[in-house]
Every structure is written in C-alpha cells, then in structure tokens.
Amino acid sequence: MSDKNSDPNSENIKIVNTGCCHDCGGRCVLRAHVKNGKIIRFETDNSEETTLRACARGRAYRQRVYSDLRLKYPLRRIGERGDGEFEQISWDDALDEVASKLIEVKEKYGNASILLMAGSGNQGMLHGIVPVALMLHQFGGYTRFWGAPSYEGALFASMATYGTIKTGNAREDLLNTKLIIMWGWNPANLIWDPETRLMLAKAREKDIKIIAIDPIYTDSAAIFAHQWIPIRPGTDAAMLIAMAYVIITENLQDQAFIDKYTVGFDKYKEYVLGLEDGLPKTPEWAEKITKVPAETITNLAREYATTKPAALIVGWGAARTAMGEQYSRAGNVLTAITGNIGIKGGYAAGFMRAYSSRETIMSRQKKKKKEGSIVEKEQPSKPRAQDNPVDFGAPPRKYSLYKLRGGTNPASTRVHINDLYNLILKGCDGGYPADIKMAYVVATNRLNQYCNTNKGVEALKALDFIVVHEQFMTPTAKFADIILPVNTFMERNDVAVPWLGSPYYIYLNKAIDSLFDTKSDLEICQELCKRLELPGDLLNLPEDQILRLLTAPRRDIKSYNKMKKDGFYKVKVAEPFIAFREQIEDPDNHPFPTLSGKIEIYCEHMAELNHPLMPPIPKYFSHNEHYDSPKAENYPLQLLTPHNKRRTHSSLHHMPWLEEIEPHAVWISSVDASQRGIKNRDLVDVYNDRGRIRIPAKVTERIIPGAVCVYQGAWFNPDKDGVDIGGCANTLTNDSYSPGGALPMNSALVQVELSPKTQMEES
Ligand SMILES: Nc1nc2c(c(=O)[nH]1)N[C@H]1C(S)=C(S)[C@@H](COP(=O)(O)OP(=O)(O)OC[C@H]3O[C@@H](n4cnc5c(=O)[nH]c(N)nc54)[C@H](O)[C@@H]3O)O[C@H]1N2
Ligand SMILES: Nc1nc2c(c(=O)[nH]1)N[C@H]1C(S)=C(S)[C@@H](COP(=O)(O)OP(=O)(O)OC[C@H]3O[C@@H](n4cnc5c(=O)[nH]c(N)nc54)[C@H](O)[C@@H]3O)O[C@H]1N2
Ligand code: SF4
Ligand SMILES: [Mo]
C-alpha cells in the first residue's frame with residue numbers, strides 16, 4: 001500500500017498532516033506524502049500514546065481518491081430513472097437546474113415537499129450534510145427524518161433509563177475492571193474510537209477476563225475473549241432478564257445501590273419472578289428462547305454479580321432489531337442492579353458516549369437553566385442557523401420521550417428514517433406530514449443502506465426530481481436527475497470530532513487540489529446560495545475561517561494553530577472519564593437527568609406513553625419476523641447484517657486492496673449448509689418476500705446454526721430478473737421500526753438455496 005521510494009527527506013516530497021473521517025467508528029491520523037501534487041503514500045500517528053492510528057481502510061484511502069470509478073463532472077439523467085444513463089453537463093447548467101427545481105417545488109408545494117436524505121459519508125464539521133442543511137434552512141426548510149440507524153434503540157433505552165446518552169467510561173478505564181462482557185460488540189473491526197482495540201489488547205495482557213456474546217464468532221471474540229457464548233439473534237433481552245432472575249433469587253444484587261440510586265426495582269422483580277404474568281424468567285425459560293444453556297446463563301449471572309467492578313458493554317448491533325430497545329434497557333438495568341455505575345472499572349452500558357466537549361458545552365448551557373428542572377422539549381420560536389423551519393412549533397410525536405432533554409428531536413413533522421419510502425409513496429393521504437416531490441441526497445447511499453431496497457426503488461421512481469452530491473456512481477446516485485460530483489477529504493480542509501467522544505480532534509489539512517471537475521459540498525452550496533438569492537452568511541467565508549468559528553465554543557482546544565499544524569489535537573484530561581461519578585458520589589447535588597432524578601428501572605415517562613410494546617420495565621417480546629413467528633415456516637433462517645472490516649458501510653466497496661480482506665459471501669453454518677446441499681463457495685440465493693440476492697456461500701463454524709450473515713454495504717445490483725447479484729443486505733430487510741425507533745436490520749427472516757445457476761452447471 002505504500003510507495004517504498006517516498007523518502008520524506010527528498011526535496012519533492014511534502015508531508016501533509018491530515019486525517020480520515022469516514023463514519024467507521026474512527027477519525028484517525030493520516031500523514032499524506034505528496035509528490036508533484038499527488039499522494040504517493042500514507043503514514044499514520046506515530047506520536048505518543050494514546051495513538052490515533054488508522055485502520056486498513058484509511059491506509060488504503062489512496063486507492064479511493066485515485067479510483068477510476070470516481071465521478072468526474074456534473075451529470076444529467078437521459079434514460080429512465082435508475083437506468084444509469086447520463087450526459088455530461090457544465091457546472092453552470094447543473095447548478096441552475098437544481099436551483100430552479102428547488103424554487104419551483106417550494107413555490108408550488110411548499111418547503112415540506114423537499115426531503116433531505118442525508119447520511120454519514122463525511123464526518124467532518126464542514127462538508128457533507130452540514131452546508132446543505134444550513135443552505136436549506138435559509139431556504140425555508142425541508143422534511144427531515146428522525147431516528148439513527150446506528151443506535152436509535154440504544155439511545156431510546158439510554159434516555160429512558162438515565163435521561164442522557166453520556167453513559168460510557170473512558171477506554172483507559174477498561175484496565176481498571178475485572179471482567180469485560182462484550183455483548184454484540186466487535187471493536188476489533190469496528191474501532192469504536194481508535195484506542196479501544198489497544199485497551200482491549202492491554203486488558204487481555206493483564207489477564208482481565210473477557211467474554212463475547214454474539215451469534216458470530218467475531219474477530220473480537222477470537223482475538224480478545226476467553227469465552228464465546230453464541231446466542232440466537234434477537235433473544236438477548238431474554239438472557240439478560242434470566243440473568244436478573246438468577247441474581248435476584250440468589251440475592252446477589254447490590255441492594256444498597258438499588259435503594260439509593262434507582263426507582264422501580266420491585267416492579268421489575270415482579271416481572272422477572274413471574275409474579276406479574278405467572279411466568280418466572282428462569283434460565284431454563286431463557287435457554288429455550290436463546291439456545292444458550294441454562295447453566296451458562298446461571299454461571300455468567302453469578303460471575304457478573306460477584307466480580308466487581310465489571311464492565312458490561314451492551315453493543316448496538318443487537319439493538320438494531322425489531323424490539324431493540326428492550327435488549328438495551330435490560331442491559332442497562334443489569335448494570336444498575338449490580339451497582340456497576342459511576343465507579344472505576346464499572347460500566348453503565350446505555351448509549352456509551354464518554355467524554356466529549358460537545359456535551360461539556362451543552363451541560364454548561366443546561367446548568368444556566370433552572371437547577372435540576374426538566375423542561376419539556378419545545379421547538380424554538382425563532383429560527384436559529386442549526387434549525388429547520390419546517391419543524392418550528394410542531395407538537396411532539398406520540399411515542400417520543402419528549403419530556404427529556406437531549407436525545408432524539410421529537411417534532412411530529414419528522415418521519416422515521418426507515419419509513420421514508422412509505423412517506424414518499426403514501427404522503428398526506430396516507431397519514432404522513434407531507435407530500436414529497438423532490439429529494440436532496442447528500443453523503444448517503446440511501447437506497448443501499450436503508451431497509452427494503454426494492455421498495456426504495458419504487459419510491460425513488462415516484463419522485464419528480466432527485467439531486468445527489470456524490471463521489472461515486474452508487475446505486476442511489478443512479479436514480480438522480482442531476483449528479484453533482486464531490487471531492488474527497490484529501491482535497492479540502494475540515495475538522496473532525498471523535499466518533500464516540502474520546503478526547504481528541506483531527507484537523508484534515510487539504511493534501512491535494514480537487515481532482516477532475518469536482519467541488520466540495522461547501523463550494524456547491526456557495527454557488528447555489530447565489531442562485532437562490534440566500535445570504536449564505538457563514539457559508540460564504542473561507543474554509544479555515546468557518547472552521548475557526550465552528551471550533552471556537554470547544555474550549556478544550558487550547559491551540560487551534562497547533563491542531564492545524566499537527567493534524568490532530570489530543571486533549572489532556574485530568575483522569576479518565578467515569579460516567580455518573582458525580583451522581584453516585586454526591587447524589588444530593590447531582591440527580592440523574594431523568595424525571596425522577598434516579599436511574600429508572602421503571603420509567604414513568606414510558607408508562608405515560610401507554611404503548612403495549614413499550615412497557616415501563618424491560619421485557620422480552622417476540623415479533624412478526626422472529627424465529628418463532630409464522631413467517632419462519634417459509635423463511636426459517638435469521639439474517640444478520642452487521643458492519644464489515646473491509647468497508648465503511650457501502651463506502652470503499654470497490655477498492656481492490658480491501659476486497660482482498662474478505663470476499664463478499666453469505667455466512668452459513670455447516671449444519672444449515674449441509675441440510676441444503678450447499679458447499680463452501682457455492683453460489684446461493686438468499687431470499688424472502690422482499691427480494692432475492694445471489695452470492696457465494698461461506699460455510700463456517702463461526703456462526704450459530706439457524707442464523708446467516710450478509711455483511712451490510714455491498715452494492716445493490718439487480719439483474720434483468722430483479723435478482724440482486726451485488727448482494728445488498730437491505731434487499732432482504734424490513735422497512736419498519738420498533739416502538740422506540742430501532743431499525744430492524746438484524747431481524748429479517750430468509751431462506752437459502754443453491755442458486756439455479758449452480759444447479760444448471762452441475763446438471
Ligand atoms: N442492513 C444494514 N444496513 C445498515 C446498517 C446495518 O447494520 N445493517 N447500518 C446502518 C448504519 S449504522 C449507518 S450509519 C448507515 C450508513 O449509511 P450511509 O450514511 O448511506 O453510508 P455509506 O454507505 O457509507 O454512504 C455514504 C456515501 O457518502 C459518500 N460521500 C463520502 N464523502 C462524501 C462527501 O464529503 N460529500 C458527499 N456529498 N458524499 C460523500 C460516499 O461516496 C458514500 O456513497 O448504514 C446503515 N445501514
Ligand atoms: N469497519 C467498520 N467499522 C464501523 C462501521 C463500518 O461500516 N465499518 N460503521 C460504524 C458505524 S456508523 C456504526 S453505527 C458502528 C456499528 O457498530 P455495531 O452496532 O457494534 O456493529 P455491528 O457489526 O452491526 O454489530 C456488532 C455485533 O453485534 C452482533 N449482533 C447482531 N445481532 C445480534 C443479536 O441479536 N444478539 C447479539 N448478541 N449480537 C448481535 C453482530 O454479529 C456483530 O458482531 O460501527 C462503526 N464502525
Ligand atoms: S476508516 Fe475509520 S477507523 Fe479507519 S482510518 Fe478511517 S477514520 Fe480511522
Ligand atoms: Mo451508524
């Protein structure tokens with residue numbers, strides 16, 4: 001991956017301190033060696049610990065910047081929508097057309113008819129969605145979504161239990177614990193802030209016991225764990241509740257902690273012991289649901305309750321399921337009843353954001369408000385630059401935690417992110433808040449990355465106009481009327497904040513000029529503002545000046561110039577952050593930011609919402625796409641679609657260096673494969689009522705029988721019969737959402753069979 005002749009002492013080589021800021025659990029240092037205006041090599045962070053070292057994807061980034069597949073000039077659709085036939089046009093023509101469409105739609109139908117489909121492609125403060133959103137705010141707004149595909153279930157549960165998302169201890173604190181439980185958590189591949197892997201490796205060296213609970217024997221389980229507990233997907237809440245059963249019946253709970261810091265333990269106890277519904281949630285009960293032996297559940301419960309401190313890390317993957325928030329709530333509650341919150345070496349689970357200056361700023365502002373009061377979330381009465389006017393004055397959504405500050409914006413004008421295809425197809429007549437005419441798509445491969453891609457095709461075809469800002473001809477870009485080609489983060493300046501809140505910043509210094517005829521999202525918006533006769537304000541300043549303004553409130557950046565010079569800024573913190581330390585050490589002066597001021601095992605706010613599938617205590621539920629649902633008769637396998645080490649979502653899919661890491665395939669256990677006559681590398685069809693994909697099988701012992709895995713992010717590529725030979729996971733997933741807003745990306749039932757092609761070849 002590196003050019004061995006790039007001697008930094010050579011006259012012609014300039015080293016640019018920059019970084020990588022895809023949405024991949026990282027934000028890492030890259031030092032670009034530039035010769036004659038071309039990047040010839042990347043190095044990464046070689047400074048003192050904790051290092052912000054780039055992963056294989058960041059180090060391979062050169063291949064993405066210089067890829068032949070990059071979009072080079074503006075394009076206008078000439079064929080049918082989605083056929084992928086375009087003509088080259090000038091920037092002036094492209095921008096004029098986008099501006100006139102925006103004006104036309106606004107005048108004829110109103111701002112709510114413009115749907116912003118924005119995504120995670122760029123994670124800097126300045127490019128990607130940021131300038132587009134600011135521009136559209138000035139233009140009068142747009143219909144916006146609520147719900148994050150990453151973590152909405154975990155976030156909902158975190159807010160319900162703790163009233164905040166800032167629940168994670170600093171990574172270094174993992175070295176203070178005696179037991180780490182990685183529940184559906186794979187940081188060896190998914191980074192979760194760059195120093196996490198290092199700390200887990202050190203924990204392993206210190207012989208701190210590590211246990212992985214995952215349907216897949218992940219790289220993290222293989223590298224770090226002493227024990228792997230395979231579990232049937234979507235049943236984790238049952239196992240966590242059965243662990244509570246063991247703890248309660250053996251009197252292993254931390255009663256003093258429960259009495260002092262929590263509300264609702266007795267109500268939970270009634271459910272767990274079966275006093276509420278006549279069904280004790282014993283390990284034997286959970287064994288039938290989870291496939292984890294009762295003895296394993298009992299042992300783990302005892303070990304967790306009696307090893308203190310212990311860090312139970314409740315990952316987001318198992319919350320990306322049809323009833324996701326119940327699992328996260330059950331995990332949070334287990335950390336509370338064992339008293340592992342607010343202490344060194346413990347872990348409150350929750351959303352898991354640790355230190356972050358963003359929250360430092362917000363909590364300072366909050367403190368200025370009335371002491372200890374919880375104010376109902378209202379939309380501001382006067383537009384601010386960061387707000388969308390379409391949301392102003394909107395009452396809260398019916399089932400939102402609207403009384404809590406922070407968390408998801410509850411405006412009822414917003415539509416769930418996994419429900420946008422129904423919004424487009426059904427509009428106001430279908431009970432949605434708007435009739436959508438136009439989509440503004442930026443930094444997302446929407447069609448590929450959200451559930452039910454075939455329905456997405458239908459929805460995108462129904463729109464009057466689609467504009468896409470992109471770097472590559474993605475399956476989504478193919479549906480555009482106008483494509484505006486965008487440069488990469490090597491071709492502009494930006495600042496990135498860490499993914500989950502570790503104390504550092506990355507300054508991405510521009511390493512090379514924009515390649516081909518591309519522009520940054522910012523430059524595009526500057527041009528569009530002129531055509532739309534908008535003031536632009538902030539958008540009209542030079543990049544570095546905007547970045548100085550955007551970073552100014554972050555007082556932990558003591559020297560902007562040093563950050564810019566080095567390409568990173570590591571904030572010195574007095575000691576590793578421990579979530580809820582103040583609430584535990586000094587509860588009288590530091591209530592939890594919940595309605596009761598305590599940790600809510602029973603959440604009063606959820607009780608008020610009065611939704612049958614959103615009970616105030618965590619419960620286990622089946623659902624209509626679960627292993628025990630009628631649907632399983634035809635589609636008996638549970639599909640997992642986790643994140644993959646060779647890609648960031650769908651970005652980097654076509655990079656040959658990264659393809660070598662792992663060819664795309666469906667993981668299937670040898671048990672399920674042999675029942676279907678499938679051998680390793682056979683071409684197979686994975687299908688259900690929503691679609692069919694055709695990819696090779698990887699027959700492996702690394703997945704629990706009954707589940708199959710198609711890593712998300714491979715590009716949707718339907719053949720003439722509608723079979724997706726690209727193997728996009730979302731061709732198979734369901735565009736619904738849980739009561740708390742979780743996207744069910746790991747809750748699809750499928751069947752697998754040898755593909756007709758293989759059978760023909762064999763016969
Ligand atoms: N089945 C399944 N689906 C999932 C998930 C799952 O677990 N399972 N995970 C979900 C999660 S957590 C997430 S966050 C989403 C992510 O989904 P997306 O946000 O759609 O992420 P990407 O697929 O990486 O697409 C980002 C696009 O932005 C483009 N891009 C990169 N930089 C820039 C830039 O500076 N400007 C512009 N305009 N474009 C840029 C890239 O070329 C890329 O096509 O996927 C979700 N989809
Ligand atoms: N390389 C890489 N890293 C990334 C990303 C990427 O695309 N590529 N994306 C980033 C983003 S935006 C996000 S949101 C995060 C996502 O981070 P995570 O949500 O942690 O990632 P996943 O891989 O979806 O899920 C983690 C694990 O959960 C397991 N899992 C799935 N369903 C279940 C279940 O029902 N029970 C149990 N016990 N386990 C289950 C999966 O097998 C997987 O090993 O990753 C970030 N990091
Ligand atoms: S892809 Fe993510 S983890 Fe890898 S180098 Fe880039 S920012 Fe870091
Ligand atoms: Mo995500």
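The rules behind these values
- Residues numbered from 1 in each chain as written.
- Chains lettered and ligands numbered in written order.
- Predicted model: local features only at pLDDT ≥ 70, side-chain atom pairs only at ≥ 80, totals over all residues.
- Heavy atoms only, no water.
- Helix = DSSP H or I, 4+ residues; strand = E, 2+ residues; numbered from the N terminus.
- Rg over C-alpha atoms; globule rule 2.2 N^0.38 Å.
- Buried < 20%, exposed > 50% of the residue type's maximum accessible area, 1.4 Å probe, protein only.
- Contact = heavy atoms within 4.5 Å.
- Lys, Arg positive; Asp, Glu negative; His and termini not counted.
- Charge placed at Lys NZ, Arg CZ, Asp CG, Glu CD.
- Near = heavy atom within 4 Å.
- Polar contact = N/O pair within 3.5 Å; in protein donor to acceptor, adjacent residues only side chain to side chain.
- Areas by Shrake-Rupley, 256 points an atom, 1.4 Å probe, with all protein chains shown as cover.
- Axes fitted to C-alpha atoms, helices over the stretch in contact; angles between N-to-C directions.
- Parallel < 35°, antiparallel > 145°, perpendicular 65-115°, else oblique.
- Left-handed = near helix turned anticlockwise from the far one by under 90°.
- Nonpolar A, V, L, I, M, F, W, Y, C, P; charged D, E, K, R; others polar.
- Core = buried A, V, L, I, M, F, W, Y, C linked by side-chain atoms within 4.5 Å.
- pLDDT = per-residue confidence, 0-100.
- Pairing = 2+ DSSP bridges.
- Phe/Tyr/Trp six-rings, centres within 6.5 Å; stacked < 30°, edge-to-face > 60°.
- Lys NZ or Arg CZ within 6 Å of the ring centre and 35° of its normal.

**Here's the deal with the overall build of the chain**
Here is step 1: Within the chain one finds 26 helices and 26 strands.
Here is step 2: Rg of the C-alpha trace for the chain: 25 Å, near the compact-globule value of 27 Å for 763 residues, within the 12% margin.
Here is step 3: Considering only C-alpha atoms, the chain reaches an extent of 75 × 75 × 65 Å along its principal axes.
Here is step 4: Scored against the burial criterion, the 763 residues of the chain give a buried share of 62%.
Here is step 5: For the chain, contacts bridging at least 24 residues in sequence account for 74% of all contacts bridging at least 6.
Here is step 6: Both charge centroids of the chain, one from 94 positive and one from 93 negative side chains, sit 4 Å from each other.

**Some remarks on the site of ligand 2**
Here is step 1: As a matter of local geometry, ligand 2 sits amid 33 residues, with Asp214, Gly234, Asp236, Arg320 and His649 nearest to it.
Here is step 2: Contact between ligand 2 and arginine 57: a nitrogen atom at 2.8 Å from a side-chain N or O atom of the residue.
Here is step 3: In the model, an oxygen atom of ligand 2 is placed 3.2 Å from a nitrogen or oxygen of the glycine 317 main chain.
Here is step 4: Contact with the protein chains removes 99% of the 910 Å² of surface that ligand 2 exposes when unbound.

**Quick look at the packing of helix H5 (residues 152–162) against helix H14 (residues 324–337)**
Here is step 1: Orientation of H5 relative to H14, taken along the N-to-C sense of each, is 40°, at an axis distance of 8 Å. The angle between H5 and H14 falls in the class oblique. For the crossing formed where H5 meets H14, the hand is right-handed. Counted together, Gly153, Ala154, Phe156, Ala157, Ser158, Ala160, Thr161 and Tyr162 of H5 and Glu325, Ser328, Arg329, Asn332 and Thr335 of H14 form the full contact between these two elements.
Here is step 2: Split into classes, the residues belonging to the contact of H5 with H14 amount to 5 nonpolar, 6 polar and 2 charged.

**Section: the nonpolar core**
Here is step 1: Membership of the largest hydrophobic core comes to 49 residues, with the highest contact counts inside it found for Val98, Leu102, Met135, Leu136, Tyr440, Leu484 and Leu528.
Here is step 2: Of all the elements, helix H3 (residues 91–109) adds the most residues to this core, at 7 residues.
Here is step 3: Contact partners of tyrosine 440, with chain neighbours within four places excluded, come to Val98, Leu102, Leu115, Leu116, Met117, Val132, Met135, Leu136, Val467, His469 and Leu528.
Here is step 4: Trp183, Leu240, Ile247 and Leu334 belong to the second largest nonpolar core, which has 48 residues in total.

**Quick word on the side chain of asparagine 418**
Here is step 1: Within the element layout of this structure, asparagine 418 appears in the loop between strand E13 (415–416) and helix H16 (420–426).
Here is step 2: Taking the relative accessible area as the measure of exposure, asparagine 418 reaches 0% and is therefore buried.
Here is step 3: Among all residues touching asparagine 418, those that are not within four sequence positions of it are Arg446, Tyr450, Cys451, Asn734, Asp735, Ser736, Leu743 and Pro744.

**Regarding the site of ligand 3**
Here is step 1: Around ligand 3, the structure places Cys20, Cys24, Gly26, Arg27, Cys28, Ala54, Cys55, Arg57, Gly58 and Ile191.
Here is step 2: Residue composition of the shell around ligand 3, grouped by class: 6 nonpolar, 2 polar and 2 charged.

**What to know about the confidence of the model for the chain**
Here is step 1: When the pLDDT values of the chain are averaged, the result is 94; 94% of them are 70 or greater.
Here is step 2: Confidence drops under a pLDDT of 50 for residues 359–365, and excluding neighbours within four residues, the segment shows 7 contacts in the predicted structure.
Here is step 3: Here residues 367–377 scores under 50 on pLDDT; set against residues more than four positions off or in separate chains, the count is 18 contacts.

**Some details on the environment of arginine 702**
Here is step 1: Here arginine 702 shows up in the loop between strand E24 (691–700) and strand E25 (707–710).
Here is step 2: Note: C-alpha distance between arginine 702 and lysine 344 (358 residues apart in sequence) is 34 Å.
Here is step 3: Apart from residues no more than four positions distant in its own chain, arginine 702 is found in contact with Pro215, Ile216, Tyr217, Thr218, Asp219, Trp228 and Trp667.
Here is step 4: Among the polar contacts listed, one links the side chain of arginine 702 to the backbone oxygen of tyrosine 217, at a separation of 2.7 Å.

**With respect to the sheet that holds strand E19 (residues 568–570)**
Within a sheet, each strand pairs with its neighbour through backbone hydrogen bonds, oriented either parallel or antiparallel.
Here is step 1: Read across the sheet, 3 strands follow the order E17-E18-E19 without closing on themselves; strand pairing throughout is antiparallel. The sheet is open, and its two borders are formed by strand E17 (494–496) and E19, each paired with just one other strand. Between one strand axis and the next, the sheet turns by 15° as a mean value, whatever way the strands run.

**Some remarks on the packing of aromatic side chains**
Each aromatic ring pair is summarised here by two numbers: the centre-to-centre distance and the angle between the ring planes.
Here is step 1: On inspection of all chains with the given rule, the structure shows 17 aromatic pairs.
Here is step 2: Ring geometry for tryptophan 146 and tyrosine 737: centres 5.8 Å apart, planes at 90°, overall edge-to-face. One end of the pair, tryptophan 146, is in strand E7 (residues 145–146); the other, tyrosine 737, is in the loop between E25 and strand E26 (748–754), with 591 residues separating them in the sequence.
Here is step 3: Among the residues examined, tyrosine 737 registers a relative accessible area of 35% and is labelled partly exposed.
Here is step 4: Taking 5.6 Å as the distance between ring centres and 85° as the angle between the ring planes, the aromatic pair formed by tryptophan 667 and tyrosine 711 counts as edge-to-face. One end of the pair, tryptophan 667, is in strand E22 (residues 666–669); the other, tyrosine 711, is in the loop between E25 and E26, and 44 residues separate them in sequence. Across the pair, exposure class does not vary: tryptophan 667 and tyrosine 711 are buried alike.
Here is step 5: Ring pairs connect the aromatic residues Tyr151, Trp185, Trp192, Trp316, Phe351 and Trp499, which therefore count as one cluster.
Here is step 6: When the ring centre of phenylalanine 516 is taken as origin, the NZ or CZ atom of lysine 72, which lies over that ring, is 5.2 Å away.
Here is step 7: Positioned above the aromatic ring of tryptophan 91 is the side chain of lysine 519, whose terminal nitrogen or guanidinium carbon lies 5.0 Å from the ring centre.

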